[in-house]
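Here is what each chain is made of, one letter per residue.
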Amino acid sequence: MPKYSLLFRKKDCMGCHACEVACKQEHSLPVGPRLVRVLEKAPDFIPIYCHHCAKAPCIEACPEKAISKNEMGVVLITKELCIGCMACVDACPFGAMQFFEEEGTAVKCDLCIDRISMGRAPACACVCPTGCIVYGQTKAILDAMVDG
Amino acid sequence: MEDIKKIKTVCRSCHGGCGVIVHVKDGKAIKLEGDPDSPISRGSLCSKGLAIIQLAYHPDRVIYPMQKVNGTWKRISWDEALDIVANKFKEVINQYGPESIVIGQGTGRDYESHLYRFANLLGTPNVLTAGHMCYVSRVGATLITCGNLPVADYRGGPKCIVMWACNPQWTNPDEYKGIDFWDAYKKGAKLIVIDPRRGFLAKKADLWLQLRPGTDGALAIGFLKVIIEEGLYDREFVEQFVHGWEPFKERILSHSLDWVADTTWVSKEEIIKAAKIYATTKPACIHWGVPTEQTINCTDCTRLLSALMAITGNLDAPGGNVFYVPPPVRKVSDFACHKELSPEQAKKRLGGEQYKLASRVALITPKVAWEAILTGKPYPLKAGLLCGTNPVITRANAREAYEALSKLEFLAVVDFFLTPTAELADIFLPAGTWLEQNHVADNWKRHGFVLARQKAVEIGECWQDHKIFMELGKRMGQKWWDTVEEALDYILEPAGLTWEEFKKKGYLQGQMEYYKYKEKGFSTPTKKVELYSTILEKWGRDPLPKYTEPPESPISRPDLLERYPYILNAGLRTPTFFHSANRQIPWLREIRPDPIVEIHPDTAKKEGIKEGMWVWVESPRGKVRLKARLNDGIHPQVVVAEHGWWYPEIKDPGHGWDISNINILTDNSHQSMDPVMGATNLRVLLCNISLCTEEV
C-alpha cells in the first residue's frame, strides 16, 4: 500500500493559524494540546507538525509499544496503552508530540485518519488559504518538492 | 451519520463572504467545513470562522434580552425590551426630535441596509459607524473622484500588483478574501509591497518600500511625479477623461523627489523603480488598505491613488482597478431609504457642515457624537442604539468615548457578549451569529456577488440583527415586512428570485463589463475623473489632493521627541481577532494570549526590553501595557501595537477596557482628523516605551 504524507511548505506559510483551529475542531481538542502549531518569528512563520517519520523516534522511545505505524505510513498512538510517561514528547525532534493534561496521555497528529480513509485530505490542508499544506502519496509529494 | 444535516452558508466572522458547510446534529452546530464551491473562498477558511461554534455556544454569551436594573442585569422578554426602547425613543423624539437619537454600528457586518433603513425612517441623520476611517471613507473619496470604488481586479489577470498598506490574506477582506490575490501572484504578477513592516508579503515582493508610517500620500505624489515626468501616463485617457489635468500636474510637479524621499524615508531610486514598474507593466492594480485612511490624509491619499490608476489607463481595465457590476438585486442604498430622510433632518447631521464628505456618505465621525453628549452642543444626544460595536475599545480617544457613553441618558446595545461598551447600556438585545440568520449577504461589497447566508441553527432567544431593526422599526410605526425572509424577497425581486429559490442557487454574480466609462463617462459632475474636484471646490476645500504632515510626528512635533521618541502605529491587525472581537474564544486566545507591541531588537536593547516582557507604551494622552515582541522588520524608530484589546476574563463591568487598549493613546481632536471625512488618526502618533515592572 502506498504511504501518505503531510508537508508544510514553510515559504508559503503566512501565519494565519487556520490549520490550528481546523485541527482542534476535527479532533475536538480543548486549549492545551496543539497537534499543529505555527510559531511566529516575525516576519517568518514556522509550522510545527508531525512528519510521520520513516524511522520514528517516538515509536522507539515508547516503553509500552503504544505508538505504531499503520500500512499508510501514519504514526498512531493506541491511547489505551499510553501511560503518560512523556518519553515520546521528549523524543520527538520536531516538538510535534503533545501531552493532553486532561486525559493524562500523549496525543499526536493522526493525519486525520478518518478523513483520509474516506479519500479526503486532512482538515488542516483543506482550509489553508495559500495551499502551503500539501497532502498526498509520499512519493508524489517528494517529487513535487524537488520540482519546486 | 444520517442524522447530521449539512447546510451551505456564508461566514461573517469578519466582514464575511467565505463559503461554509455547517454540520448540524439535533439542532446544534457541531462542525464547520469550507465550501469548495464558494466563488469567494473556494474551500479555505480562517481561524475566526472556524471558531464560530465556540463563540455561538460560549458560556458568557447572552442569549436573551436583558435590562439593567439598579446596576444589575435582569432577564426580560423581547416584547418588554423592544417596548422599553421604542417608548424611550418616542419620548426623545417628542421632546428633542429624532436627531437626538444616535444609531450606530461598528465594522461592516452586513446589516447596514436594515440599520440605515431604521435610522432614516426614524428621521435621525446621526448614524455612527466605523466608516469615517475605514472603507466608507475610501468609497466617499472615490465617489467624488471617479464615481465609484475601483477594486483590484485579480480575476482579470493583473501583471503587476501594488499591495499598498494592506494584507488581505491576514485581514481587511473588504471586497474578497486573499484567495484571488494569491492566485494572481502565483500566476507570476509582479508584486510591489508598501508597508512599514516586513510581513509575509514584503518577503514575497519584487520590491518592498518601507515607508514612514502615515506618509502614503507623499509616496503617491512621488509615484505620480515620476510617471508624469517620464511621460509614462496614458495621454489619450488623460485628454479625454481627466478633469483638471493641468492644475493637477502642476501641483504634483511642485514637489521634488528629494522632498518625497525625505518625507517617506523611501529612497529616490526605489520610488523611481516602483513607479516605473507600476506604470509600464500592464495591466496593473493597486489594492490599498485602512492605514492610508486612518490619518489626516485619508481623502487626499485615496484621491492620489485613484489618480495613479486613472492616468496609467488602469481604471476599469481588465486586471486593473475596476468597477464590478453588481448582480441585479436591490441595492443596499435603496433598501436603506436614504431618500426618506428629509433635507431638513439631513441638515441637522452632527458635524455635517464641517465634515461634508462624511455627510455625503450619511455618517458622522464619533467625535461629534461624543461632543453632543458631553456638551449638549449643537444639540444634545439623548438616546442611542449601538449594534455590533465596541467604541470604547475601537475608537480614537477611548476615554472620551467611555465618558460620553456613560453619560448618555439611554443606551440599547445589540451584541453577543457583555462587552465594555455593552456594560454601559440600559438594554441588551441578543444578536444571532451568522449561524443563526438568513440574509442576501455581501450586497454592500463592490465585488459583483451576492451570497446566500442561511440559517443553520437557532440559539436561545437570539434574533438576527435584521429582525431586531425590523421589529423595533414596526414599533416606531415604520414600514417593514412581516418576516425577515419577505424583506429578502424584496431585495431579490429584480433578479426574479425569491429567497427560497436564491438559497438553492447559493450566489449570484453580476455580468462584468469593462471600460464602461467609454460610453457612459464617470459618475462625477463632469463625467470625468476629477483629479481637480469640482465637489471639493464647491465645498470651499482644496480641489487638488495634497500631503499633510500628520499632526503628531517627528517632523510636526520635534518638541515632543525628547519625551516621546518613537512613532507609534496603533493599528496592528492579527488574523485570529477581528477588531475587539474574539478575545474570549478559547482556541483563538490560545494562539494569541496577550496584546503585543512590536519593537525593533536594537530599540528593545536600548530600552532594556526583552521578548515577552510587559511594556508600557505611553503617548501624551495616556499609557497602556502590552507584551513585547521583537521584530527586525520594522524601523528602529517605529513601534507597532495591536489594537482592539480588552479582557473578557476580568469580570467587573469594565472588563479591563483601559489596560491594554491602544486607543487610550490615540487622539480625536478636530485638528488631527481628515478635514472633510473626519477620519481619526489611528496610525501615527508619538510614544515612549518602557519596561513594565508592575505585577500583571
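Conventions we followed
- Residues numbered from 1 in each chain as written.
- Chains lettered and ligands numbered in written order.
- Predicted model: local features only at pLDDT ≥ 70, side-chain atom pairs only at ≥ 80, totals over all residues.
- Helix = DSSP H or I, 4+ residues; strand = E, 2+ residues; numbered from the N terminus.
- Rg over C-alpha atoms; globule rule 2.2 N^0.38 Å.
- Buried ≥ 20, exposed ≤ 12 C-beta atoms within 10 Å, placed from the backbone.
- Pairing = 2+ DSSP bridges.
- Axes fitted to C-alpha atoms, helices over the stretch in contact; angles between N-to-C directions.
- Expected span 1.5 Å × (residues − 1).
- pLDDT = per-residue confidence, 0-100.
- Contact = placed C-beta atoms within 7 Å.
- Nonpolar A, V, L, I, M, F, W, Y, C, P; charged D, E, K, R; others polar.

Observations regarding the overall build of chain B
In terms of regular secondary structure, chain B is built from 26 helices and 27 strands. Computed over C-alpha atoms, the radius of gyration of chain B comes to 24 Å, within 12% of the 26 Å expected from 2.2 N^0.38 for 696 residues, which places it in the range of a compact globule. With respect to the three principal axes, the spread of C-alpha positions in chain B is 70 × 65 × 60 Å. Evaluated residue by residue, chain B yields a buried proportion of 60% over its 696 residues.

Side note on the overall build of chain A
Scanning chain A for helices and strands turns up 6 helices and 8 strands. In chain A, the succession of helices and strands from N to C terminus is β-α-β-β-α-β-β-α-β-β-α-α-β-α. What you see for chain A is a C-alpha radius of gyration of 15 Å, in line with the 15 Å of a compact globule of 148 residues. With the C-alpha coordinates aligned to their principal axes, the bounding extent of chain A is approximately 40 × 35 × 25 Å. Counting the 148 residues in chain A, one finds 42% classified as buried.

Considerations on the sheet that holds strand β27 (residues 685-691) of chain B
All names here are of chain B. Strands sit in the order β22-β26-β23-β25-β24-β27 around a closed barrel of 6 strands; the barrel is mixed. Geometrically, the sheet is characterised by an average inter-axis angle of 45° between neighbouring strands, direction not taken into account. Bridge count for strand β22 (residues 566-572) against strand β26 (residues 638-642) is 4 bridges, and the pairing is parallel. Directly across from N569, in β26, lies its bridge partner V640.

What to know about helix α13 (residues 298-311) of chain B
Residue and element names in this part refer to chain B. In a regular helix each residue adds 1.5 Å, so 14 residues correspond to 20 Å; α13 covers 20 Å between its end C-alpha atoms and thus fits that length. In terms of burial, α13 is a largely internal element, 14 of the 14 residues being buried. Phi turns positive, to about 75°, at G313, one or two residues after α13.

Some points on unusual backbone geometry
Cis peptide bonds are those with omega within 30 degrees of zero, and the linkage from B:K282 to B:P283 qualifies with -10°. Tracing the backbone through its elements, the reader meets B:P283 in the loop between α12 (268-280) and β13 (284-288). At A:S28, a residue that is not glycine, the phi angle is positive and equals roughly 50°. Relative to the assigned elements, A:S28 resides in the loop between α1 (18-26) and β2 (37-41). Residue A:S28 is classed as exposed on the basis of its 8 C-beta neighbours within 10 Å.

As for helix α20 (residues 465-475) of chain B
If you check which residues of α20(B) are buried, you get B:D465, B:H466, B:K467, B:I468, B:F469, B:M470 and B:L472. Phi turns positive, to about 80°, at B:G477, one or two residues after α20(B).

Brief notes about the confidence of the model for chain B
Any segment with low pLDDT has predicted coordinates that should not be analysed in fine detail. Scored by pLDDT, chain B comes out at a mean of 97, with 99% of its residues at no less than 70. For this predicted complex, the interface confidence comes out at an ipTM of 0.96, alongside a pTM of 0.97.

Some thoughts on the interface of chain B and chain A
Taken together, the 30 residues of chain B in the interface contact 19 residues of chain A. Counting residues per element, the side of chain B that touches chain A draws most heavily on helix α25 (residues 586-591) of chain B, at 4 residues. Class assignment for the residues of the side of chain B that touches chain A results in 14 nonpolar, 10 polar and 6 charged.

Points about the sheet that holds strand β18 (residues 439-441) of chain B
Residue and element names in this part refer to chain B. Spatially, 3 strands are ordered β18-β19-β20 in an open sheet, and the strand pairing comes out antiparallel. Here the strands that pair on one side only, and so sit at the sheet edges, are β18 and β20 (507-509). Across the sheet, the axes of successive neighbouring strands diverge by a mean angle of 20°, strand direction being ignored. Looking at chain direction, strand β19 (residues 449-453) and β20 are connected through 3 bridges and run antiparallel. The residue bridging L451 from the neighbouring strand is Y507, located in β20.

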